[in-house]
Amino acid sequence: MIQPRRVVNSLLSDAKQTRVTGLHAECIDKGKTVETLEADLVVDASGRGSQTPLWLEGLGYEKPAETSVGIHIGYASRLFEIPRSARPDWKILGVYTQAPTSRKYGVIQSVEGNRWLVTLAGNLRDYPPADEAGFLEFARQLDHPELYEWVRRATPLTPIATHRFPTHLWRRYEQLSRFPEGLLVVGDAICSFNPIYGQGMSVSALEAQALQEYLSQGAQGNTRSLWGRFFKTAAKIVKNPWMLGTGADFLYPQTEGERPLGTTFLNWYTARMYRACDSDPLVATRFYEVMHLLKEPTAIFNPGVFIRVLAGRAKPSPSK
Ligand SMILES: Cc1cc2nc3c(=O)[nH]c(=O)nc-3n(C[C@H](O)[C@H](O)[C@H](O)COP(=O)(O)OP(=O)(O)OC[C@H]3O[C@@H](n4cnc5c(N)ncnc54)[C@H](O)[C@@H]3O)c2cc1C
């Protein structure tokens, strides 16, 4: 049963605090009355703002360690009417940064109702402005002029909406030695990524699939706790997208956070790969397949791709 319009505000546990047995939730429509819901398993899928670390402390457990990488990215989005005269040869037009020299991104996506959804983004506090003139000027400063040329002729339909996102954040539940039975955490509540790489939903879906498999197997004589097994699997799912996303952000010397071993080589290779993506469809396809978890990261180092990356062009062009 789905219970909408409830805000979970604490966990229920047994007397010894070794097992979570349910939760308390505030009912938004009933004058904030608090309901008690009992459960065999509570799964925290409440996203980046998850309260589980605090609730764990309240039950006498350690909070998970956190790894964070500061990228301070900001978004500004607006819907436009597609001009009658426009005959673009693309459905999505993207202009990406040429790290580490530029920090601005722009994407136009064709959406229903003859509209373009135009999103501008800038990292390391190069936030796109929410006013009309500033929005257009930011688009004009992208590394390639095509996006600006389309947008400046289109009619705005909505105000400009903005959003800011400070850090990649990974809560290391897999490193804990104690954790209550009857409780798990999934999705952004474990790890929230820089949204620009579009990885969060895929990672959350893979974790949900892993959880389904564990639950359908039952204990099957396994002596290790469900939380121990699940968090180890979730960490394996997170590891590669984390390495790729943070690795791309570490191309900027200003990115905050501890650089893992091998970052210098990875930065050198990634910068060349971005340039090759501009002109080489095979390299671009491999790059997106790896970023979107369809292939292992080793796919961007196989000899066929490696040689083309080394031969990549220096001039940027938009992705279509
Ligand atoms: C600007 C932006 C762009 C993105 N673009 C992409 C993209 O292109 N591709 C991609 O894969 N990912 C993208 N992501 C990431 C993606 O949105 C997340 O990875 C994904 O939504 C995580 O799902 P989740 O269910 O773990 O958390 P969420 O989607 O955050 O859902 C958590 C839910 O829990 C509810 N909740 C929170 N606290 C409580 C509480 N105490 N009680 C009850 N309910 C509660 C919230 O209201 C929310 O509905 C983007 C993220 C952002 C911010």
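Because the structure is a prediction, the values reported are computed rather than measured. (Residues numbered from 1 in each chain as written. Predicted model: local features only at pLDDT ≥ 70, side-chain atom pairs only at ≥ 80, totals over all residues. Heavy atoms only, no water.)

**Focus: helix 2 (residues 132–140)**
For helix 2, the complete set of buried residues consists of Gly134, Phe135, Phe138 and Ala139. Considered in projection along helix 2, the buried side chains sweep an arc of 140 degrees and stay on one side of the axis. Against the buried residues of helix 2 lie strand 5 (66–81), strand 7 (104–111), strand 8 (115–122) and helix 3 (146–151). (Buried < 20%, exposed > 50% of the residue type's maximum accessible area, 1.4 Å probe, protein only. Helix = DSSP H or I, 4+ residues; strand = E, 2+ residues; numbered from the N terminus. Arc of directions from axis to C-beta. Contact = heavy atoms within 4.5 Å.)

**Section: the domain arrangement of the chain**
Here the domain parsing of the chain yields domain 1 (6–65 + 172–248), domain 2 (68–166) and domain 3 (261–310). Computed over C-alpha atoms only, the centres of domain 1 and domain 2 are separated by 35 Å. Contacts between the two partners involve nine residues from domain 1 and, on the opposite side, eight residues from domain 2. Here domain 1 packs against domain 2, burying approximately 720 Å² in sum over the two surfaces, 72% of which is carbon and sulfur. At the junction of domain 1 and domain 2, the tally comes to zero salt bridges. Seen at the junction of domain 1 and domain 2, the total is one residue pair in polar contact (both at pLDDT 80 or more). (Domains from an automatic or database assignment. Buried area = accessible area lost by both parts, 1.4 Å probe. Salt bridge = Lys/Arg side-chain N within 4 Å of Asp/Glu carboxyl O. Polar contact = N/O pair within 3.5 Å; in protein donor to acceptor, adjacent residues only side chain to side chain.)

**Here's the deal with the sheet that holds strand 1 (residues 6–13)**
The strand order across the open sheet formed by three strands is 1-2-3, and the pairing between neighbours is antiparallel. Edge positions in the open sheet fall to strand 1 and strand 3 (34–38), since each of these has one partner strand only. Strand-to-strand twist in this sheet, taken as the mean axis angle between neighbours without regard to direction, amounts to 25 degrees. (Pairing = 2+ DSSP bridges. Axes fitted to C-alpha atoms, helices over the stretch in contact; angles between N-to-C directions.)

**Overview of the site of the ligand**
The local shell around the ligand holds 16 residues, among which Val8, Ser46, Asp188, Gly200 and Met201 are the closest. One nitrogen or oxygen atom from the main chain of Gly198 is found 3.4 Å from an oxygen atom belonging to the ligand. Here Met201 contributes a backbone N or O atom positioned 2.8 Å from an oxygen atom of the ligand. The fraction of the free accessible surface of the ligand (1,000 Å²) that becomes covered by protein chains is 54%. (Near = heavy atom within 4 Å. Areas by Shrake-Rupley, 256 points an atom, 1.4 Å probe, with all protein chains shown as cover.)

**Some remarks on the pairing of strand 10 (residues 161–171)**
Inspection of the sheet shows strand 5 paired to strand 10 by ten bridges, in the antiparallel sense. The residue of strand 10 that forms the bridge with Glu66 is Arg171. With two bridges joining them, strand 10 and strand 12 (residues 191–192) adopt antiparallel strand pairing. Looking at the pairing, Trp170 lines up with Cys191 of strand 12.

**A closer look at the side chain of Thr119**
Of note, Thr119 is situated in strand 8. Judged by its relative accessible area of 13%, Thr119 falls in the buried class. Reaching out from Thr119, the side chain makes a polar contact with the side chain of Ser77 at a distance of 3.0 Å.

**Focus: the packing of aromatic side chains**
Evaluation of the coordinates by the stated rule reveals 18 aromatic pairs. Aromatic pair Trp170 and Trp242: ring centres 5.3 Å apart, planes at 55 degrees, arrangement tilted. Of this pair, Trp170 sits in strand 10 while Trp242 sits in helix 5 (residues 226–249), placing them 72 residues apart in sequence. The residues Trp170 and Trp242 share a single accessibility class, namely buried. Between the aromatic rings of Tyr173 and Phe179, the centroid separation amounts to 5.9 Å while the plane-to-plane angle is 85 degrees, which identifies the pairing as edge-to-face. An aromatic cluster is defined as three or more aromatic residues linked by ring pairs; in this entry it consists of Tyr173, Phe179, Trp227, Phe230 and Phe231. A cation over a ring is seen here: Arg48 above Phe165, with NZ or CZ 4.5 Å from the ring centre. (Phe/Tyr/Trp six-rings, centres within 6.5 Å; stacked < 30°, edge-to-face > 60°. Lys NZ or Arg CZ within 6 Å of the ring centre and 35° of its normal.)

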